[in-house]
There are 2 protein chains.
Amino acid sequence: MTYTAPQKDMLFTLEHVANANQILADIHSEIDFDTIAGVMDEAAKLTQDVIAPLNRLGDLEPSFLKDGKVTTTAGFKNAFDQYTQGGWQGLSHPEDVGGQNLPKLLATACMEMLNSANLSFALCSLLTDGSIEALLTAGSEEQKQLFIPRMISGQWTGSMNLTEPQAGSDLALVRTRAEPQADGTYKVFGTKIFITYGDHDLAENIIHLVLARTPSAPEDIKGISLFIVPKVNVNPDGSLGAPNDVQCLSLEHKLGIKASPTAVLQFGDNGGATGYLIGEENRGLEYMFIMMNAARFAVGIQGLSVMERSYQHALSYARERLQSRPVDGSAREAVAIIHHPDVKRMLLTMKSTIEACRAMAYHAAGLSDIAHHHADAEVRAAALAQYEFMVPLVKGYSTEQSIDVTSLGVQIHGGMGFIEETGAAQYYRDARILPIYEGTTAIQANDLIGRKTLRDGGAVALSFADQIGLTVSELNQSGNASLTAIATSLSAANAAYRSVVAHVLAHTKSNPNNVFAGSVPYLKLAGLTISAWHSARAALAAQAQLDAGNNDGEFMTAKIQTALFYAQHLLPQASAIASSITEGGEAVAQFDVSGFYS
Amino acid sequence: MTYTAPQKDMLFTLEHVANANQILADIHSEIDFDTIAGVMDEAAKLTQDVIAPLNRLGDLEPSFLKDGKVTTTAGFKNAFDQYTQGGWQGLSHPEDVGGQNLPKLLATACMEMLNSANLSFALCSLLTDGSIEALLTAGSEEQKQLFIPRMISGQWTGSMNLTEPQAGSDLALVRTRAEPQADGTYKVFGTKIFITYGDHDLAENIIHLVLARTPSAPEDIKGISLFIVPKVNVNPDGSLGAPNDVQCLSLEHKLGIKASPTAVLQFGDNGGATGYLIGEENRGLEYMFIMMNAARFAVGIQGLSVMERSYQHALSYARERLQSRPVDGSAREAVAIIHHPDVKRMLLTMKSTIEACRAMAYHAAGLSDIAHHHADAEVRAAALAQYEFMVPLVKGYSTEQSIDVTSLGVQIHGGMGFIEETGAAQYYRDARILPIYEGTTAIQANDLIGRKTLRDGGAVALSFADQIGLTVSELNQSGNASLTAIATSLSAANAAYRSVVAHVLAHTKSNPNNVFAGSVPYLKLAGLTISAWHSARAALAAQAQLDAGNNDGEFMTAKIQTALFYAQHLLPQASAIASSITEGGEAVAQFDVSGFYS
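Residues numbered from 1 in each chain as written. Chains lettered and ligands numbered in written order. Predicted model: local features only at pLDDT ≥ 70, side-chain atom pairs only at ≥ 80, totals over all residues. Heavy atoms only, no water.

- Chain A has the name 3-methylmercaptopropionyl-CoA dehydrogenase in an unreviewed UniProt entry, where Formosimonas limnophila is given as its organism.
- Heading Sequence similarities (unreviewed entry) of the UniProt record for chain A holds this comment: "Belongs to the acyl-CoA dehydrogenase family."
- Quoted verbatim from the Catalytic activity (unreviewed entry) field of the UniProt record, the comment on chain A reads "3-(methylsulfanyl)propanoyl-CoA + oxidized [electron-transfer flavoprotein] + H(+) = 3-(methylsulfanyl)acryloyl-CoA + reduced [electron-transfer flavoprotein]". (UniProt positions renumbered as here; feature names shortened; annotations may be inferred.)

**Remarks on the overall build of chain A**
Part 1: If you tally the helices and strands in chain A, you get 19 helices and 12 strands.
Part 2: For a compact globule of 598 residues, the expected C-alpha radius of gyration is about 25 Å, and chain A comes in at 24 Å, within 12% of that figure.
Part 3: The principal-axis extents of the C-alpha atoms in chain A amount to approximately 80 × 60 × 55 Å.
Part 4: Looking at chain A as a whole, 65% of its 598 residues are labelled buried. (Helix = DSSP H or I, 4+ residues; strand = E, 2+ residues; numbered from the N terminus. Rg over C-alpha atoms; globule rule 2.2 N^0.38 Å. Buried < 20%, exposed > 50% of the residue type's maximum accessible area, 1.4 Å probe, protein only.)

**Regarding the interface of chain B and chain A**
Part 1: Facing 101 residues of chain B, the contacting portion of chain A comprises 101 residues.
Part 2: When the two sides are added together, the surface that chain B and chain A hide from each other amounts to roughly 8300 Å², 62% of it contributed by carbon and sulfur.
Part 3: For the pair chain B and chain A, the number of links is zero salt bridges.
Part 4: Its residues placed into classes, the side of chain B that touches chain A shows 46 nonpolar, 31 polar and 24 charged. (Contact = heavy atoms within 4.5 Å. Buried area = accessible area lost by both parts, 1.4 Å probe. Salt bridge = Lys/Arg side-chain N within 4 Å of Asp/Glu carboxyl O. Nonpolar A, V, L, I, M, F, W, Y, C, P; charged D, E, K, R; others polar.)

**Brief notes about helix 8 (residues 141-153) of chain A**
Residue and element names in this part refer to chain A.
Part 1: A rise of 1.5 Å per residue sets the reference length of helix 8, with its 13 residues, at 18 Å; its end C-alpha atoms lie 18 Å apart and thus fit the reference within 8%.
Part 2: Gln-143, Lys-144, Leu-146, Phe-147, Ile-148, Arg-150, Met-151 and Ile-152 are the residues of helix 8 that are buried.
Part 3: With its phi angle positive at about 90°, Gly-154 sits one or two positions after the end of helix 8. (Expected span 1.5 Å × (residues − 1).)

**Looking at the environment of A:Gly184**
Part 1: Positionally, A:Gly184 belongs in the loop between strand 4 (177-180) and strand 5 (186-196).
Part 2: Spatially, the C-alpha atom of A:Gly184 lies 39 Å from that of A:Ile370, the residues being 186 residues apart in sequence.

**Section: the UniProt feature "domain: Acyl-CoA dehydrogenase/oxidase N-terminal" (unreviewed entry) in chain A**
Part 1: The positions UniProt marks with the feature "domain: Acyl-CoA dehydrogenase/oxidase N-terminal" (unreviewed entry) are residues 78-155 of chain A.
Part 2: End C-alpha to end C-alpha, residues 78-155 of chain A measures 13 Å, and it is 71% helix and 0% strand.

**Describing helix 12 (residues 424-431) of chain A**
Part 1: Judged by how many residues are buried, helix 12 of chain A sits mostly within the fold: eight of eight residues are covered.
Part 2: Looking only at helix 12 of chain A, the buried set comprises A:Ala424, A:Ala425, A:Gln426, A:Tyr427, A:Tyr428, A:Arg429, A:Asp430 and A:Ala431.
Part 3: Where the residues of helix 12 of chain A are buried, they touch helix 4 (55-60), helix 7 (119-138), helix 9 (284-320) and helix 11 (377-412) of chain A together with helix 11 (377-412) and helix 12 (424-431) of chain B.

**Thoughts on the relation of the copies chain B and chain A**
Part 1: Its rotation angle being 180°, the transformation that places chain B on chain A also includes 0.0 Å of axial translation and leaves an RMSD of 0.0 Å. Expressed as an axis order, the relation between the two copies is that of a two-fold axis.
Part 2: A high fraction, 100%, of the interface residues of chain B reappear at the interface in chain A, so the copies pair face to face through one surface. (Least-squares fit on C-alpha atoms with pLDDT ≥ 70 in both.)

**Some remarks on the side chain of B:Ser531**
Residues and elements named next belong to chain B.
Part 1: Among the structural elements, Ser-531 can be located in helix 17 (residues 519-547).
Part 2: For Ser-531, a relative accessible area of 0% puts it in the buried group.
Part 3: Beyond its immediate stretch of four places on either side in the chain, Ser-531 contacts Ala-356, Met-360, Tyr-397 and Tyr-566.

**Overview of the environment of A:Ala461**
Residue and element names in this part refer to chain A.
Part 1: By secondary structure assignment, the location of Ala-461 is in helix 14 (residues 459-477).
Part 2: Among the residues examined, Ala-461 registers a relative accessible area of 0% and is labelled buried.
Part 3: Placed 61 residues apart in sequence, Ala-461 and Tyr-522 show a C-alpha to C-alpha distance of 11 Å.
Part 4: Excluding its chain neighbours within four sequence positions, the residues that come into contact with Ala-461 are Phe-389, Thr-453, Tyr-497, Val-501 and Tyr-522.

**Quick notes on the packing of aromatic side chains**
Two aromatic rings, taken as a pair, are described by how far apart their centres are and by the angle between their planes.
Part 1: Scanning the entire structure with this criterion turns up 19 aromatic pairs over all chains.
Part 2: Three or more aromatic residues joined by ring pairs make a cluster, and in this case those are A:Phe76, A:Tyr83 and A:Phe121.
Part 3: A cation over a ring is seen here: A:Arg432 above B:Tyr428, with NZ or CZ 5.8 Å from the ring centre.
Part 4: The ring of B:Trp533 carries B:Arg537 above its face, with NZ or CZ at 5.7 Å from the centroid. (Phe/Tyr/Trp six-rings, centres within 6.5 Å; stacked < 30°, edge-to-face > 60°. Lys NZ or Arg CZ within 6 Å of the ring centre and 35° of its normal.)

**Brief notes about the UniProt feature "domain: Acyl-CoA oxidase/dehydrogenase middle" (unreviewed entry) in chain A**
Part 1: UniProt tags residues 160-268 of chain A as "domain: Acyl-CoA oxidase/dehydrogenase middle" (unreviewed entry).
Part 2: The annotated region residues 160-268 of chain A carries 0% helix and 46% strand content, and the separation between its end C-alpha atoms amounts to 17 Å.

**Thoughts on the pattern of salt bridges**
All names here are of chain A.
Part 1: In this structure the tally under the stated criterion is 46 salt bridges over all chains.
Part 2: For Lys-192, the salt bridge goes to Glu-164, with nearest N and O atoms at 2.9 Å. Placement of Lys-192 in strand 5 and of Glu-164 in the loop between strand 3 (156-161) and strand 4 is noted, with a sequence separation of 28 residues between them. Across the pair, Glu-164 and Lys-192 agree in class, each one buried.
Part 3: Its salt-bridge partner being Asp-447, residue Arg-451 comes within 2.8 Å of it at the nearest N-O pair. Taken together, the positions of Arg-451 and Asp-447, both in helix 13 (residues 441-454) and four residues apart, correspond to about one turn of that helix.
Part 4: A single salt-bridge network, built from bridges that share partners, covers Asp-9, Glu-112, Glu-308, Lys-351, Glu-355, Arg-358 and Lys-559.

**Focus on unusual backbone geometry**
With the exception of glycine, most residues fall at negative phi, and the peptide bonds are largely trans.
Part 1: Non-glycine residue A:Asp67 carries a positive phi angle of around 50°.
Part 2: The topology assignment puts A:Asp67 in the loop between strand 1 (64-66) and strand 2 (69-71).
Part 3: A positive phi angle is found at B:Asn282, which is not glycine, with a value near 70°.
Part 4: Mapping B:Asn282 onto the fold places it in the loop between strand 12 (273-277) and helix 9 (284-320).

In structure tokens form, the structure reads like this:
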């Protein structure tokens, strides 16, 4: 099963939902929309022709560890060379460290393609991006110039070393030690687990970014620093020295993303791994959180990507598989199952969820571009606040939905979906890590409540409700039956969303157990409502195109009907979720855990 | 991770939800409730000590085919011998064919244990049961006496051969041929796929029941007959003759239930496999459907079982894993994650769904006992109609929920859930087949609409709404805050359910595409509402126990709170689902499939 980048929908979404033309005019006047489209076309070719065909092979013949060395799936090294030599790793990074300084809007569309093509392969790039972001945030000028250009060129890659056996979601429990040396370096000792691309053979060196404690550090969350620990020591001129004291002890046997090597790394078993402090001591988590917004957004895109791949696979099968006569008696022979109402319903659930999540993510990417590059500081600040609100939603909502959508992808295949050779099951297995890594959905939801809703008294949260209200008016004024039906559903969801924001604001301090019992439901409600809002905005734009005589009427009509489906089949859950939060918090808070029998 | 049969909840459910005492008094006066409990205790020992420990091993070292022979996982043969020698295969079958004639109520509880212990192992018994049911339904007296006692003793097993490459959900497309011979036997030719335990080494023979067409048969769904085709030919005295012309060509590589051998069987490559007609020609599907009600119910129990196993696994982890301080500031150190609101919410989602599905399934089992054994024909007929309505719900709802619940089981483990060694991922993989085999959820939903709702003008469907109404009154009259809160939610769900039954009755003929777009949502709505009804009945019974001074107050209180959680967190979806059916059917029906881009 191949992959075809859905460029038409991507371009429509960039133009009509993410306001790409306006953003380009404001902050990237050196490029125009055609340039965006041209770059995407190149990304489509590389991901479709080179990277996507390796996806199933990576599942069958994962990376493996032998004699202390990790070998990746055959073909990955060649694909990685093409990817980095094409300049894709530096697409949105600054020019002064070797990047191309292109907008996140474009990078997001390309990232979607890369991840649809091959989640396991894409992770190397995702973690390298994260490491680059951390260095850009807090590294010294010397560190930036030494490491980042070589990470962009593909000579080296990056890895993020946070988790330890006792410290997962709770990084306060990190125990890895970093002892200062007379020359200003540190000796690092400890064990890190779940290190994505913690070892591999795609590049000559790996720049591990490692959370560790210095001897004088406080014992809590405030005593954690961030270090550069290269796999192979690096001389000041960038040439390689001796191997550092870092060993890959093992790779995990995982449910999915099997080609991505997930390493247990041992630092310092032979005298200490040489490390270099990034920024100031004890500020490691702060730097990490800045970087993590980028990584969390990227994992949200992974959710979108795996849904799209699963959808294309199921759609292809549904068009070919003949089974049963239509229920309306319109044919006397078995027809392709795509014509059966329940298969159409499943495909529309997939398609509408994908398009809504894409619209939400691309719109957020546009906010990020404005936040970082707009000339007006107030505009930047407002966009940053909105973007940061969106990160837990893009991450949490898109990845949670990816479980359901890839499950439907299996279901549409019937019994064949359960057979590994078919390939549909791989997406279902791969997707399952997405709501877990880079912060579980519960961690995203805590962030949504704590940093993103309470801290500003709900200002940003409610600003989205206000914007949705404007869209509802616009839909109602259209006089179009589909659009007004969308308005009815969106308006009800928006009221549910408002009621929950009010509930969170009113009760978190006085009754945190009650409110946090609804944290993940709040995230799902917000993600559902805001993604449906963007889906509705897409429908408005499609209707405007039809009214203006756009000659791709089939696409525009399908766009409106897809938004209508999302509004009528998925969005009604908003009220149910709101009720579970506002009415059901006490049922969780008051339940005594001794009542969980087994 | 071990398994502990939840006997306390099972016994509570049998007694207070499934009305076991009344049913035993009416139709099984030879046994009392203590006998039931005693048998369950024996089943618990066997499943916990012998069968459950093989579950993970079966995933790691599945059955395999070599030189034409299938070898099952080490330990399966010994466990199978203990299972069959203990009389478990014949638990609910008639005494005159070697069974024990015990109620389905009891058999269902034991079946739940067996499947929780090991889904893959249990499938051999499930398919043998199905084959026995088919023979009991339509076999000649000679066939029954020749085959069934040996299938109950474990000397032989059974398999069901329906699917062919082009004929999955659509059995009208079956092409396997059966040519009549002068001696009254048939020669069978064809290829069958997805044959569970189609070959194995647990017993000396396999009695394949095979759907095939005779030369004179109509070419449609009305031209299919059912045949016995033994793996090894059987002499009239039951001794074995020469091997029959049946070969196992391959075993599938599956996402889950790996230890269960799923065979491609080739019949008749060397002159024709000897087969024996069951019942009359061209009535094969009719016999198969009677049998399938039993098999579908059993797959519903599999959904319940895998949820329970996944829950126990996650609960155990949540009690041990220390991570993060509580949100209410009640401790300064990391606590077991079971104390975190979102983990409690996930565990309550699992527990409440399991208990509601158990209540629904056991209640249905009681209806089956009444339907088959009550002295009064009218009572039998009424119970049969209700039981048959429940079969697609037990099958469809419990198995769809098992996807979500086993997914939560992974999520509670965080990153460890994605590592196969942890074991949580196996349930997520195993569960994925359950909404597919023995009729996909869409097939169950078609059955629910066509045979179970329309055929009697909604009489049985609405009789459930009436019964729910009575329970709502009872809850409201209790004066208890938890019970009245449950009543509020259940009453709203019941109204939603009534509205959808009315919609189905009114529009299926005139607009089938619209109504069938809501078929699976209707099934989910009915399953959700009726399972919540039984959950509420359990809460009423628990309150009555508390009022009567029952000394297991902790269990009874947890029971009520669990039902409250289900009513407040899951049941509100009922209205959303109803809206998607009644408002959203047109959005699916009118969508032109050319609008599915890729």
